[in-house]
Every structure is written in C-alpha cells, then in structure tokens.
Amino acid sequence: MKFGGTSVADAGRLRAVASLAKARAGSGVLLVLSAFSKVTDGLFAAGRAAVGGDEAEALSLLQKMIERHRAVASELLGVGRAELPEAVESAIAAAEADLGAVLKGAALLRALPERSLDILAGRGELLSTAILAAFMGAPWIDAREVMRTDSRFGSAKPLTGEIRELASKRMLPLVGPGMIAVTQGYIGADTSGAPTTLGRGGSDYSASLFGAALGASEIQIWTDVEGILTCDPRVVPTARPVELLGYDEAAELAAFGAKVLHPATILPAIELGIPVTVRNSMVPDGRFTTISRESASGQPVTALASRGPVTVITVRTPRMLGGAGFLANIFEAFGRRGVSVDLVSTSEVSVSATVDGNDGVDELAADLAELGDVRIMRDRAVVALVGERLLKTPGVPAKALGALSDINVEMISLGANEINLSLVVERGQAAEAQRRLHAAFFE
Ligand code: ADP
Ligand code: ASP
Ligand code: MG
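In this report, the structure presented in the accompanying data block is examined. Remember, it's a predicted structure, so these values are computed and weren't measured experimentally.

Before going further, it helps to examine the site of ligand 1. Around ligand 1 sit 17 residues, and of these Thr223, Asp224, Leu229, Arg234 and Lys259 come closest. Contact distances for ligand 1 include 3.0 Å between an oxygen atom and a side-chain N or O atom of Lys2. Between Lys259 and ligand 1, the recorded distance is 2.8 Å, taken from a side-chain N or O atom to an oxygen atom. Computed on the free molecule, ligand 1 has an accessible area of 570 Å², of which 89% lies beneath the protein chains in the complex. Of all the cavities here, the one that holds ligand 1 is the largest pocket. A breakdown of the residues in the shell around ligand 1 according to their chemical character gives seven nonpolar, five polar and five charged.

This paragraph deals with empty space enclosed by the protein. Overall, the coordinates contain two cavities of 30 Å³ or more when judged by the stated rule. Reported here for the largest cavity is a volume of approximately 60 Å³. Contributions of two or more residues to the lining of the largest cavity are made by helix 5 (114–121), helix 6 (123–136), strand 5 (187–189) and strand 6 (195–197). Its residues assigned to classes, the lining of the largest cavity comprises four nonpolar, three polar and three charged. Volume-wise, the second largest cavity comes out at about 30 Å³. Along its surface, the second largest cavity is lined by Ile313, Val315, Ile330, Phe334, Val351, Ser352, Ala353 and Leu368.

Hydrogen bonds along the backbone pair up the strands of a sheet, which may run parallel or antiparallel. Ordered by their spatial adjacency, six strands build an open sheet running 12-13-11-14-16-15, and the pairing between neighbours is antiparallel. Edge positions in the sheet fall to strand 12 (341–346) and strand 15 (411–414), since each has one partner strand and no second. With direction set aside, neighbouring strand axes in the sheet form an average angle of 30°. Where strand 14 (residues 373–386) lies against strand 16 (residues 420–426), seven bridges are found, and the strand directions are antiparallel. Looking at strand 16, one finds that Val382 is bridged to Val424. Where helix 9 (residues 247–255) meets the sheet, its contacts fall on strand 11 (303–316), strand 14 and strand 16, and the angle it forms with strand 11 comes to roughly 65°.

Between helix 4 (residues 86–109) and helix 6, the least distance of the axes is 9 Å, while the angle of their chain directions is 165°. If you check the angle between helix 4 and helix 6, you find them roughly antiparallel. As for the relative orientation of helix 4 and helix 6, their crossing is left-handed in sense. In this structure, helix 4 contributes Val88, Ala91, Ile92, Ala94, Ala95, Asp98 and Leu99 to the contact, and helix 6 contributes Arg123, Leu127, Ala130, Ile131 and Ala134. Its residues placed into classes, the contact of helix 4 with helix 6 shows 10 nonpolar, no polar and two charged.

A word on unusual backbone geometry. The linkage connecting Gly308 with the following residue, Pro309, adopts the cis geometry, with an omega of 0°. Within the element layout of this structure, Pro309 appears in strand 11. Backbone geometry at Glu418 places phi at a positive 70°, although glycine is not the residue there. Mapped onto the secondary structure, Glu418 falls in the loop between strand 15 and strand 16. Among the residues examined, Glu418 registers a relative accessible area of 37% and is labelled partly exposed.

Attention shifts here to the pairing of strand 14. Every regular strand shows the same layout, with side chains that alternate between the two sheet faces. Where strand 11 and strand 14 come together, 11 bridges link them in antiparallel fashion. Residue pairing in the sheet places Leu304 in a bridge with Leu385 of strand 14.

If you check helix 4, its first and last C-alpha atoms are 34 Å apart, about what 24 residues at 1.5 Å a residue would give, namely 34 Å. Of the positions making up helix 4, those classed as buried are Val88, Ala91, Ile92, Ala95, Leu99, Gly100, Val102, Leu103, Ala106 and Ala107. In this structure, the buried side of helix 4 is in contact with helix 2 (39–51), helix 3 (55–77), helix 5 and helix 6. After helix 4 finishes, the residue Arg110 shows a positive phi value of roughly 55°.

Enumeration over the complete set of coordinates arrives at two aromatic pairs. With 5.7 Å between their ring centres and 15° between their planes, Phe3 and Trp222 make a pair best called stacked. You can see Phe3 sitting in strand 1 (residues 2–3) and its partner Trp222 sitting in strand 7 (residues 219–223), a full 219 residues away along the chain. Looking at Phe3, the relative accessible area reads 0%, which means it is buried. Take Trp222: its relative accessible area is 0%, and that puts it in the buried class.

Reading guide: rules and limits
- Residues numbered from 1 in each chain as written.
- Chains lettered and ligands numbered in written order.
- Predicted model: local features only at pLDDT ≥ 70, side-chain atom pairs only at ≥ 80, totals over all residues.
- Heavy atoms only, no water.
- Near = heavy atom within 4 Å.
- Polar contact = N/O pair within 3.5 Å; in protein donor to acceptor, adjacent residues only side chain to side chain.
- Areas by Shrake-Rupley, 256 points an atom, 1.4 Å probe, with all protein chains shown as cover.
- 1 Å grid on protein atoms, 1.4 Å probe; cavity = no way out; pocket = protein on both sides within 12 Å on 5 of 7 lines; lining within 4 Å.
- Sits in = over half its atoms within 2 Å of the grid points.
- Nonpolar A, V, L, I, M, F, W, Y, C, P; charged D, E, K, R; others polar.
- Points joined across faces, edges and corners; volume = space filled by probe spheres on them.
- Helix = DSSP H or I, 4+ residues; strand = E, 2+ residues; numbered from the N terminus.
- Pairing = 2+ DSSP bridges.
- Axes fitted to C-alpha atoms, helices over the stretch in contact; angles between N-to-C directions.
- Contact = heavy atoms within 4.5 Å.
- Parallel < 35°, antiparallel > 145°, perpendicular 65-115°, else oblique.
- Left-handed = near helix turned anticlockwise from the far one by under 90°.
- Buried < 20%, exposed > 50% of the residue type's maximum accessible area, 1.4 Å probe, protein only.
- Expected span 1.5 Å × (residues − 1).
- Phe/Tyr/Trp six-rings, centres within 6.5 Å; stacked < 30°, edge-to-face > 60°.

As structure tokens, then:
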C-alpha cells in the first residue's frame, strides 16, 4: 500500500493511514510512504536558496520542515516535543544536522551536486516513515537497504534483480500474514551505499518495484482522487473515475502526463501480472481504478492526458525524396546530443519530432541545419487520447479534430501500439483542448 504526500499530510491523515492498513493486514502489508505533502518541494526550495547564496533562507526552510515534523509527531504520539521516542527523535535530529551541513556547504560553494541533492531531497520520506512506524509500533525498513539503483542521482534506475534478493531477505519476513511493515518510497542507494532518488513522484514506482519483488497479490496506490479519472480534475473538474484499465492504457496515460501515476509504475507489475489499484485515502470505500491484464477498458477513448512544455523540431529537405538514410542521419544527431525523441511524424520531404522541454534544442538545431531546413516550435504541449479500441473504432480522430475546430493542431501522431492519438497544440491552449475533447468524448 503506497500513500502519497496528501495522504500523509498531518497527524489526522497518518491516523487514517494506520487504520486503513490495519483493516487490510490480512495477508500482510508493506506500507510505502511519501514525504508529508510539500516537504520534497520545500527541500528543493531550500537547496535552490542555498545555491543562490541565501543561506539564511535555506536554513529557515529547513527549520520549518523540522518543526512541522516535531509538531506532527508530538500530536500523533500524544507526547511533548521534548519526549519523542528515540527512533523519531534521532531521525529528526539527524535530518537537522545532515541537511544543515548540506545546505551550508551548498551556500558556500554556490553549488549543490546531484549526489548531495539526493541526500536532501530524499529526507522527507525517512521522517514521515519514522513517525508512522513509531505510532503503529511497526517495523521500519530503510528502503536504501533494499532499493538498489545505479548512480544516476536524481533519476536513478532500479536494479531489479538485486532488489528482489534484498527484498526477500529484509522485507518478506516482516510482511507475513497479519503483519505490517513501513518503508519509504522515492529513495534508494547505489551499490556504494550513496543515497539516490527515483525522480519526482517516484514513490509510486517504489511501491510497484517492492510489490513485484515481494510477489504481492496487489499493488495499491492510495492518493487524493478516486482512481484514474477521465482527465486531470484540475483541468476538467467534471472528470470521472475510470473503473477498469489495461496495463497498456495505464502506462500510456502515465507516460503522457497523468500525474496520478509515475510513468514507470506499471512496468514492474506487468511481468508478474500483479493488479495495480488506484484509490482515494480520503474516501477508502469509494470508487477506484483497477489496472490489470484482464481489465482493458474496451473503450475507444478511456481518458485524456497532457504533457508540456515540449518543443517540435522539423527538418525539411527535398533530398529526402526517394533518398535513403536521411532519417538515420537525423536521429543520429538527436542521439549524439543526448536528446530523447518523443513523437515522430514524417512526410516525403520532412520529419517532425517532439522533445520534452527545451534542453539542448539549440545545439541540436545547429547540427540538424547541416541536413536540411530546421524549424523549431517551442512552448507546445502534447494532448493525448488513450483508449484500448482507439484505432479499431472508426471516427475517433475525426471527432477529436472536430472538437478542436479552431484550436490549431500542429502535429498528429497515432501511437504504433494503436491505443494513443497524440495532438500537439500551443501550450496555452492545452487546457482548453482537453476541456473540448472531454466534452466530446465523455459528456
Ligand atoms: P500523491 O501525492 O498521492 O502521489 P499526486 O499529486 O502525485 O498524488 O497525484 C494525484 C494527482 O494527480 C491528482 O490530485 C490529480 O490532480 C492529478 N491527476 C492528473 N491526471 C489525473 C488523472 N487522469 N486522474 C486522476 N488524477 C490525475
Ligand atoms: N516525495 C517525492 C516527491 O514529491 C516522491 C513522491 O511523492 O512520489 O516527488
Ligand atoms: Mg505522486
């Protein structure tokens, strides 16, 4: 059971998490927690302040974070702030000392190497779990001793074979029938023991990696919405829960920007066929989404997602006509610059590709200019329609484009997996595009 930031925001929410876990402890539960809501953001903000030379601001953000944890722990455990149990006190004191040192160092050097940033960014999870484990009297497992990763700090890749071995040794004995253990999402350690993180929102991914490593019967993602909805409710307030989703559909939605799931969450579950459910910790008996091998939606369009900013790069050259090897040359240039290609669409004389954000685009454009005329469109967004029967149902693209009528669609890509229709629009129009598509397909 993974609980995200809003589900562990304060003492009241932590109490709710504890009773939810106890009510479901029948076959054993591993609780995977995020940091309290906004704590990770605050840690990054403190890091930025330090790098900007504002040590006072950085340390004051750290103090606020420390105070918040003391206050929550003392309320939850019903003891004074000076009487916190040893495990909680030492976790908080260590955070204060370690992060104080990291921030002072960063302020001095005006730099925060990714390696140190991960020590900072991952600390919220260590604190939230120390507090809940103390409240529940449950074993606390240091995820850094199980979540083995490579050394790409900030977006480390899990080493699944080692994780499986470590999980059977260190976790499995603590999650037998009726037992509950508590561990952290988001964080891990590389083979030398240096702390790493899986990237923002990575707790979902941690939960599914641990779930797969333990051969769990279900991976539950508890959040603040009733499952995966037909669209981001912040964009379309009338979006409604989707009851059933196939692995492909869920993976596609996550990859195309549905923040409710980290993009890699589904992968570990697929191999073992473990169902993933997405549930609302505020409404535990409410509606929820089941993602499994059997539960493909059967819908032409199941949900919408959007991601941005993206940049569209178009290379046009008459030499492409009937020539061989141009695409290879073009993509080789992307590879050389380490720019990852997302959507692609080609004509006889041109090829367009989208890339996330704007990093490295200017250098890449200079390289591509040797191959043809290059056009760059920045500040765009991808709006994706995802559905199991999308390409098997006549009329979906026509309906989508019809709904957008006066919104200019600058690029169209039909996913090769036949469940995704992606449209590129100006970023400022992405929300309106989703509202129109939602009205056309769901209302
Ligand atoms: P947590 O802290 O539990 O990990 P997140 O904020 O990461 O929660 O993810 C939940 C949020 O994802 C929701 O509150 C919602 O705003 C957003 N979201 C985006 N797309 C969707 C979608 N299709 N369905 C549900 N929620 C979505
Ligand atoms: N706390 C981390 C973050 O805010 C991981 C997570 O919440 O999934 O990104
Ligand atoms: Mg999240």
